[in-house]
Amino acid sequence: MHEFSLMQSVLSTVEESAHQAGAERVTVIRLTIGEMSEVIQDAMEFAFEVLAPETSARDAELAFTWVTPRSRCRACGHEFTHDRYHWSCPACESLATELVAGKELYIDAIEVEFPD
Ligand SMILES: [Zn+2]
């Protein structure tokens, strides 16, 4: 379960940004994750439940945006979207394709509350 270490680094980044902004509480954490990243949403949510109570993001909502994998064919240059298991070129059936999107994992945005 590499989701635990991922969530640990997400939370420390979130805490740092919230602290720098002078925020009191984090209310929403928006994550963008590629479908090829092998990250499992349930595992991320579980890691969050375990780790977040120690942080200012303890009551935050986790929002996920999933990125559909996209590849470019090295043989014919065609660019196409696909699922996690099929990445041969639909135009020429070549398997020499290169992933251009779908492995990302980053914090898209956070929403915070400031002290009164
Ligand atoms: Zn092709």
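Throughout what follows, the structure given in this document is the object of discussion. Keep in mind the model is a prediction, meaning the values are calculated, not measured.

1. Looking at the coordination of the zinc ion
Donor atoms from the polypeptide that bind the zinc ion are Cys-73 (SG), Cys-76 (SG), Cys-89 (SG) and Cys-92 (SG), placed at 2.3 to 2.4 Å. Of note is the zinc ion, whose four donor atoms meet at the metal with angles of 105 to 116 degrees in an arrangement that counts as tetrahedral. All donors to the zinc ion come from one chain, and their sequence spacing reads C-x2-C-x12-C-x2-C. Pair noted here: Cys-73 is in strand S3 (residues 70–73) and Cys-89 is in the loop between strand S4 (79–81) and strand S5 (97–101), with a separation of 16 residues, a long-range link.

2. Regarding the side chain of Ser-71
Structurally, the position occupied by Ser-71 is in strand S3. For Ser-71, the side chain forms a polar contact with the side chain of His-82, separated by 2.9 Å. Setting aside anything within four residues of it in sequence, one finds Ser-71 in contact with His-78, Glu-79, Phe-80, His-82, Thr-97, Glu-98, Leu-99 and Val-100.

3. Some details on the sheet that holds S3
Two modes of strand pairing occur in sheets, parallel and antiparallel, and in both the strands are linked by backbone hydrogen bonds. Strand order across the open sheet formed by three strands is S4-S3-S5, with antiparallel pairing between neighbours. Whereas interior strands pair on both sides, the edge strands pair on one side only; in this sheet they are S4 and S5. Within the sheet, the average angular offset between the axes of one strand and its neighbour, ignoring direction, is 35 degrees. Where S3 and S4 come together, three bridges link them in antiparallel fashion. Residue pairing for S4: Arg-72 is matched across the bridge by Glu-79.

4. Considerations on the environment of Ser-94
The residue Ser-94 is located in the loop between S4 and S5 in this model. Exposure remark for Ser-94: the relative accessible area of 15% places this residue in the buried category. Sequence separation between Ser-94 and Ala-43 is 51 residues, and the spatial gap between their C-alpha atoms is 34 Å. What Ser-94 contacts, discounting residues up to four positions off in sequence, is Cys-73, Ala-75, Ser-88 and Cys-89.

The rules we used
- Residues numbered from 1 in each chain as written.
- Predicted model: local features only at pLDDT ≥ 70, side-chain atom pairs only at ≥ 80, totals over all residues.
- Heavy atoms only, no water.
- Donors = N, O, S within 2.8 Å, 3.2 Å for Na, K, Ca; no water.
- Tetrahedral: all angles 85-135°; square planar, octahedral: opposite > 155°, others 65-115°.
- Helix = DSSP H or I, 4+ residues; strand = E, 2+ residues; numbered from the N terminus.
- Polar contact = N/O pair within 3.5 Å; in protein donor to acceptor, adjacent residues only side chain to side chain.
- Contact = heavy atoms within 4.5 Å.
- Pairing = 2+ DSSP bridges.
- Axes fitted to C-alpha atoms, helices over the stretch in contact; angles between N-to-C directions.
- Buried < 20%, exposed > 50% of the residue type's maximum accessible area, 1.4 Å probe, protein only.

Everything listed here is a matter of geometry and, on its own, says nothing about what the molecule does.
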